Structures are given as C-alpha cells and as structure tokens.
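# What the coordinates show
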Amino acid sequence: MTSYLQNAGTKLFQKNLEQYKPEDPLYESYTDSRGKQRRRKRAIPPGLSARDAKILKSVQRRAHYLDKGFSICGLRFGWTFIIGAIPGAGDVADIALNYYLVVRKARQAELPAWLVRRMLLNNAISALSGLVPVAGDVVMAVFKANSRNAALLEEFLRIRGDEFLKLQAEQGRSGSMPEKDLHQVKPGAGMSDDAAATTSQQKTRFTSWGRANHKDKQRAPTPGEKGRFVEDVEPDDAAPSGDAETGAIMLQSR
C-alpha cells in the first residue's frame, strides 16, 4: 500500500512539473503510425537565412545539453544542475555558461533589445535561485533558463521567416505588419551574408579556372598533338617548306 502511494505521488509530482518546465529545445515528441511516442529533432522554421538557421541549431543543441542532457527516473537535467551543485564556484560557472553559450550566441541573429532583456531576465532568475542551497539547485533545474531562451529565439525566428515569405509572395506590396514591427523583426536578415558567401565561392572557382587555363597555355605540346593554329596545317601544305630547306642545304654545301 505504501509503495502504491509513493508511485502515485511520484506520478502526480511529475505531472505537475510538466506544467512548469519548458519543452526540450532540440527534440520534439510525436506519435507514429503505431501509436507510440517517439522523438525527433525540431525542424528549422522556413524563410530563414543560412546564418540564422545555423545560430538556431547551435543554441538549441547547447541549451539541450545544459538543461536536459541526462535523465534519471524520468527527470531530465543537464550540466547546469551538475555544475551548480558545487558551492559558490558552480553558481558562477552556471551564470557564465548560460550567457556565453546561449544568450551571446543568440544575439548574433540581430535580436531586438526587448528580447535580449527577456533572456537576461531568465538568466537572472536562474542565478538567484541557484544561490539558495539544495532547494535552489532543484528550482534552477526545473526552471531551465537555457531552454526558455532557446524557445524565445525559435519563436522569434519563426515570425521572421513567416514575414519574409509573406513579403516574397506580395512582391513588395504593403503587408499586414506595421513598419515599426518590421524594423524589429527584420525579415530576410542575414540573406546578404549568404549572397556574399556565394559570390566569394564563385570568384574562387573562376580564379582557379583561369589559372588552370593559363597553365594549359604554357604547357608545351606533346609529339603528334594537334593545336588550333599552326599545328592544323595539312602535311601537303607543309611540303614546300621542306623543299626550300633542302635547297638551302645544297647551296651551302656548294
């Protein structure tokens, strides 16, 4: 009877935790054709530049291992919980990791100031809770500031991608989003970087092609190889020059 109550209490506790903890930033759950729950990596929202997609993948991967890289008895935790268990130095290390690995990387996507402040607020809540011995570490592990920040970044970039696709479909016509919001969302941000990278690759290919042709021009022709100019002269046309050389040799011998 006691074990039954303990199991029921554990399941109820886990069910309540599900309401407060954020979703896994790297994986999402789905039901397959057999009705089983499975996991797969989250898809990148459409309409994003290669730069933004790379930033989002990096933030999601880092947040996953910092918050949910391990699982024991159905409870998922990451490196922030393990490092935070070290008194004093662990809390400082968690603050540094949360900022440099997640927030700082996310800021490379040209985020608005209000979104960065929201991410820093999540980090501040996590840092303050970590100052409380034992119980604070549990609260920090449940709060999962990195997963929340990754979710904020994904949602913002999803809006950016949707607005970019709308602008592409409308072909420059005025859209539904106000100009002020467009200035913050910045649809198509990072596309210029992708174009510059493509142009640089094309220039590299053209340069190497030109160098290859230059080397071919300097290469000496092999015996029997026909070129496009003098070597294309037929043997019959080259015969008179041979006779002239023979005559010149005979005159010299005289």
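Because the structure is a prediction, the values reported are computed rather than measured.

## Here we look at helix α5 (residues 113-130)
Compared with an ideal rise of 1.5 Å per residue, which puts 18 residues at 26 Å, α5 spans 26 Å between its outermost C-alpha atoms and is within 8% of the ideal. What α5 keeps buried is the set Leu 115, Val 116, Met 119, Asn 122, Asn 123, Ser 126, Ala 127, Ser 129 and Gly 130. The elements touched by buried residues of α5 are α4 (89-106), α6 (135-143) and α7 (145-170).

## Focus: the nonpolar core
Ranked by internal contacts, the top residues of the largest apolar core, which has 18 residues, are Val 59, Ala 106, Leu 111, Met 119, Leu 153 and Leu 157. Those elements giving two or more residues to this core turn out to be α2 (50-67), α4, α5 and α7. Of all the elements, α2 adds the most residues to this core, at five residues. Apart from residues lying up to four places away in sequence, Leu 153 is in contact with Ile 55, Leu 56, Val 59, Ala 106, Leu 111 and Met 119.

## A short note on the side chain of Ser 126
Following the sequence through the fold, Ser 126 ends up in helix α5. Its relative accessible area of 3% is what places Ser 126 among the buried residues. If near-sequence neighbours (up to four positions away) are discounted, Ser 126 is found in contact with Asn 98, Met 140, Phe 143 and Ala 145.

## Description of the pairing of strand β2 (residues 37-41)
Remark: a regular strand shows side chains that alternate across the two faces of the sheet. As defined by bridge partners, strand β1 (residues 27-31) adjoins β2 across five bridges and the pair is classed as antiparallel. Along β2, the bridge assignment pairs Thr 31 with Gln 37. If you look at the hairpin formed by β1 and β2, you'll find five residues sitting between the two strands, and Gly 35 has a positive phi there, around 85°.

## Here's the deal with a nonpolar patch on the surface
Together, Tyr 65, Phe 70, Trp 79 and Ile 82 line one region of the surface with nonpolar side chains, adding up to about 370 Å² of accessible area. With respect to the element layout, Tyr 65 can be found in helix α2.

## A closer look at the confidence of the model for the chain
Scored by pLDDT, the chain comes out at a mean of 76, with 65% of its residues at no less than 70. Confidence drops under a pLDDT of 50 for residues 227-233, and excluding neighbours within four residues, the segment shows five contacts in the predicted structure. Segment residues 248-254: pLDDT under 50, and zero contacts once partners within four positions in sequence are set aside and those in other chains are kept.

## What to know about the packing of aromatic side chains
Per the counting criterion, the structure on display carries four aromatic pairs. Here a set of aromatic residues connected by ring pairs shows up, and it is made of Phe 70, Phe 77, Trp 79 and Phe 81. Here the guanidinium or amino end of Arg 39 rests over the ring plane of Tyr 27, the centre of that ring lying 4.3 Å away. The ring of Phe 143 has Arg 148 sitting right over it, with the charged end atom 4.3 Å from the ring centre.

Cut-off values and rules
Residues numbered from 1 in each chain as written. Predicted model: local features only at pLDDT ≥ 70, side-chain atom pairs only at ≥ 80, totals over all residues. Heavy atoms only, no water. Helix = DSSP H or I, 4+ residues; strand = E, 2+ residues; numbered from the N terminus. Expected span 1.5 Å × (residues − 1). Buried < 20%, exposed > 50% of the residue type's maximum accessible area, 1.4 Å probe, protein only. Contact = heavy atoms within 4.5 Å. Core = buried A, V, L, I, M, F, W, Y, C linked by side-chain atoms within 4.5 Å. Pairing = 2+ DSSP bridges. Patch = residues over 30% accessible without salt bridge, like charges linked within 9 Å, V, L, I, M, F, W, Y side chains within 5 Å. Areas by Shrake-Rupley, 256 points an atom, 1.4 Å probe, with all protein chains shown as cover. Salt bridge = Lys/Arg side-chain N within 4 Å of Asp/Glu carboxyl O. pLDDT = per-residue confidence, 0-100. Phe/Tyr/Trp six-rings, centres within 6.5 Å; stacked < 30°, edge-to-face > 60°. Lys NZ or Arg CZ within 6 Å of the ring centre and 35° of its normal.

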